[in-house]
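The residues making up each chain are set out below.
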Amino acid sequence: MLEIKNISKTFGDRQVLYDISGSFRPGQTSLIIGGSGTGKSVLLKCMIGLVKPDSGEVLYDGRNFLADNEEEQKVIRREMGVLFQGSALFDSKTVLENVRFPLDMLTDMSAGEKNERAQVCLQRVGLEGAGDRMPSEISGGMKKRVGIARAIVLNPKYLFCDEPNSGLDPLTSIKIDQLIKEITDEYQITTIVITHDMNSMLEIGEKIIFLYQGKKLWEGDSDSIVHSTIPELNDFIYANKLLREMEK
Amino acid sequence: MLMSHIGKYFIFLGTLFTNREKAGVYYRLVMDECISIGIRSIFIVSIVSTFIGAVTCVQTAYNLVSPLVPLYIISVIVRDSTILELAPTITSIVLAGKVGSNIAGQLGTMRITEQIDALEVIGINSSSYLVLPKVIAAMLMFPLLVILAGFLSIWGGYIAGTLADIITPQDYIFGLRSGFNTFSVPFAIIKSVVFAFLIATISAYQGYNARGGALEVGNASTTAVTNSCIAVLAADFLLAQLLL
Ligand SMILES: Nc1ncnc2c1ncn2[C@@H]1O[C@H](COP(=O)(O)OP(=O)(O)OP(=O)(O)O)[C@@H](O)[C@H]1O
Ligand SMILES: [Mg+2]
């Protein structure tokens, strides 16, 4: 169980997040949705410790991540995997080295064990043959998958994905979504996905949090989202003409 | 504004040395950086220093019009000016352009593509992991490049002087051997180590703190080179005052 409590964040004189709380369960894919610039990435970065919120708490199974206890932070960091918005693969390393990197840095496994584990993860995302390629040589969709493989290589209890399907075609997007959902089920991970893709919301959103200008306006599941009465949320999900007509 | 940058620069320097990874992790990284900073700079350093030696020789001869001054003075001047000043400083200025922009560009790109965040997330001190190997490699490689530059400048002077019939080989060699102040070699090496530290850390600071997109990374590279050059020249002056 991952809980956030009353997170607020200001950059300079611009408040980006207002008092956001929520909780996320293991084995469930939770989505954070909202328009561009509403603070989704900043909220995620607060959760994973890349941005320090001005106030609020982040509790990983009751452990306070933001309390200045470096040892505890290290333990928690080992339990989380992150897929960044732009995949963030290390471009000086091959695909296999990228996936193996967390193992290299954080475990005492032998070289053979590490390679084997990295291969298993590459296989899991359907890229078993691409280990020797460089990130610059693979497509955007493949990069996301390598990013996922790297995020799950340490068997995380918490998985964070920032727009896993931005910039991908609808079919590839759905495949990536399915992959994330399967992995979440399979290993009972607490997964948090940022997205503004309607397909993802309806397909994998077991729990959805809607951010609007830094505030949490709505929370629910994919069945109730289409019946919401919040105008901002309706504007957001029915931005698409087809859906707007379907609503009528 | 300037003061806050300088303050942040020193805080950045502090983060390089706190909370490092295991020493074994750095060994390979330093080796890789030695190749990229050292080996890949040999060519440009060789070209520049050979020509500097040649030009110094020819210009010194041109300026020495008095028949009373013996010709071997030309090679004395080539030797002293290149070892003391031209080899370390010009080499470092050239490397500020090559190595500095490379460091700033690489780190800046890693920053804006979230690669640095990806390191931080798994609990790695990204500044020390990424920057320290570059600083160490630069401090190891710059002195070697400067020694190479010193030799090649003197050789370039020899080639230019003898080919243009300015000076005989005997006079040139005689000049090289006369009245040599042995401190000039360690002084050149001290300078190169200081310059290496300045160039690597200033460029890394610019790249590491880049925000935004490709434009900002380009700006960070430019600023890195300009600031490095200024720092090198200022340090050159200070070291000359302090040590000579
Ligand atoms: N480090 C920072 N310093 C200052 N402002 C920032 C910083 N990071 C984000 N912001 C601002 O916070 C706001 C929210 O940004 P954020 O990246 O969270 O948006 P987002 O919801 O993820 O958008 P998108 O869907 O486009 O990724 C933006 O207006 C952005 O300019
Ligand atoms: Mg974002």
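For chain A, the name recorded in an unreviewed UniProt entry is ABC transporter ATP-binding protein, with Fibrisoma montanum as its organism.

### A word on the coordination of the magnesium ion (ligand 2)
Residue and element names in this part refer to chain A. Taken together, the protein donors to the magnesium ion (ligand 2) comprise Ser41 (OG) and Gln85 (OE1), at separations of 1.9 to 2.6 Å. Of the two residues, Ser41 sits in helix 1 (residues 40-47) while Gln85 sits in the loop between strand 6 (80-83) and helix 3 (95-106), which places them 44 residues apart along the sequence. Residue Ser41 is classed as partly exposed on the basis of its relative accessible area, which comes to 22%. Classification of Gln85 as partly exposed rests on a relative accessible area of 30%.

### Thoughts on the side chain of Thr91(B)
Residues and elements named next belong to chain B. Along the chain, Thr91 turns up in helix 4 (residues 73-112). Thr91 gets classed as buried once you look at its relative accessible area, which sits at 5%. Within the structure, the side chain of Thr91 is placed 2.4 Å from the backbone oxygen of Ala87, a separation counted as a polar contact. Excluding residues that lie within four positions of it along the chain, Thr91 makes contacts with Val45, Leu86, Val146 and Ala149.

### So, unusual backbone geometry
All names here are of chain A. For Ala88, which is not glycine, the phi torsion reads 55 degrees and is therefore positive. Tracing the backbone through its elements, the reader meets Ala88 in the loop between strand 6 and helix 3. For Asn155, which is not glycine, the phi dihedral falls at a positive 55 degrees. Inspection of the secondary structure assignment puts Asn155 in the loop between helix 5 (140-152) and strand 7 (158-162).

### As for the sheet that holds strand 6 of chain A
Residues and elements named next belong to chain A. Read from one edge of the open sheet, six strands run 6-7-8-3-9-10, paired in mixed fashion. Among the strands making up the open sheet, the edge pair consists of strand 6 and strand 10 (215-220). Strand-to-strand twist across the sheet, computed as the mean angle between neighbouring axes with direction ignored, equals 15 degrees. Two elements, strand 7 and strand 8 (residues 190-195), share five bridges in a ladder whose sense is parallel. Looking across to strand 8, one finds that Asp162 is bridged to Ile194.

Scoring rules and cut-offs
- Residues numbered from 1 in each chain as written.
- Chains lettered and ligands numbered in written order.
- Predicted model: local features only at pLDDT ≥ 70, side-chain atom pairs only at ≥ 80, totals over all residues.
- Heavy atoms only, no water.
- Donors = N, O, S within 2.8 Å, 3.2 Å for Na, K, Ca; no water.
- Helix = DSSP H or I, 4+ residues; strand = E, 2+ residues; numbered from the N terminus.
- Buried < 20%, exposed > 50% of the residue type's maximum accessible area, 1.4 Å probe, protein only.
- Polar contact = N/O pair within 3.5 Å; in protein donor to acceptor, adjacent residues only side chain to side chain.
- Contact = heavy atoms within 4.5 Å.
- Pairing = 2+ DSSP bridges.
- Axes fitted to C-alpha atoms, helices over the stretch in contact; angles between N-to-C directions.

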